[in-house]
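Observations on the model geometry
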Amino acid sequence: MNGRPLTLLIAAAVVALEGLVALGLGVYVAVETLTGAPDDVTSALAVAGFGVLVGAGLLWVAWGGLFKMERWGRSPGVLTQIFMLPVGGTLITSGQPQLGIPMIVVALAGLVTLLAPPTTQALYGDGRTSGADTDPSRR
């Protein structure tokens, strides 16, 4: 497993899944905009572009950050999960629990795995700073 704990692999998979969904929705909106007759083409294309960019960004975070065990990958992953919780709650209260409940479950799974001790250990090591690693008096 190359030193990657299961929690980190699950976190990367969750973020990648979210990225694929956002990318797919962005492409879907773009296709519908170009083949249909939207009321506001500019807004529809902006939404499509935003979905594609967010999806691509999350895939980059999942692969380039979390899967490759880069420290920077955890912050955008956690932030995404935090943003998904109120969106899922809003979907539930607006009569779409079939979308909101899975969104909340996925976000909670992402948070739990991103903040789990094995993930922290894999990304940040034993907690020593780089100065402590090179200073023999601190060993």
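The coordinates are above.
One structure accompanies this document, and this report is about it. Owing to the predicted nature of the structure, the values given are computational and were not obtained by experimental measurement. (Residues numbered from 1 in each chain as written. Predicted model: local features only at pLDDT ≥ 70, side-chain atom pairs only at ≥ 80, totals over all residues. Heavy atoms only, no water.)

To continue, consider the packing of helix α3 (residues 74–93) against helix α4 (residues 97–115). Packing of α3 against α4 brings their axes to within 8 Å, and their N-to-C directions diverge by 155 degrees. The angle between the axes of α3 and α4 places the two elements in the roughly antiparallel class. Both α3 and α4 take part in a crossing whose hand is left-handed. The residue makeup of the contact of α3 with α4, split by class, is 18 nonpolar, 6 polar and 1 charged. (Axes fitted to C-alpha atoms, helices over the stretch in contact; angles between N-to-C directions. Helix = DSSP H or I, 4+ residues; strand = E, 2+ residues; numbered from the N terminus. Parallel < 35°, antiparallel > 145°, perpendicular 65-115°, else oblique. Left-handed = near helix turned anticlockwise from the far one by under 90°. Nonpolar A, V, L, I, M, F, W, Y, C, P; charged D, E, K, R; others polar.)

For α3, spanning 20 residues, the distance from its first C-alpha to its last is 29 Å, which sits close to the expected 28 Å at 1.5 Å a residue. Just beyond α3, the residue with positive phi is Gly 95, at close to 90 degrees. (Expected span 1.5 Å × (residues − 1).)

A positive phi angle is found at Met 69, which is not glycine, with a value near 60 degrees. Mapping Met 69 onto the fold places it in the loop between α2 (41–67) and α3. Given a relative accessible area of 26%, Met 69 falls into the partly exposed group. (Buried < 20%, exposed > 50% of the residue type's maximum accessible area, 1.4 Å probe, protein only.)

The next subject is the packing of helix α1 (residues 6–35) against α2. Look at α1 against α2: their axes get within 7 Å of each other, and the N-to-C directions meet at 160 degrees. As summarised for this structure, α1 and α2 are arranged roughly antiparallel, according to the angle between their axes. Both α1 and α2 take part in a crossing whose hand is left-handed.

All right, on to the environment of Val 54 then. Within the secondary structure, Val 54 is located in helix α2. Take Val 54: its relative accessible area is 32%, and that puts it in the partly exposed class.

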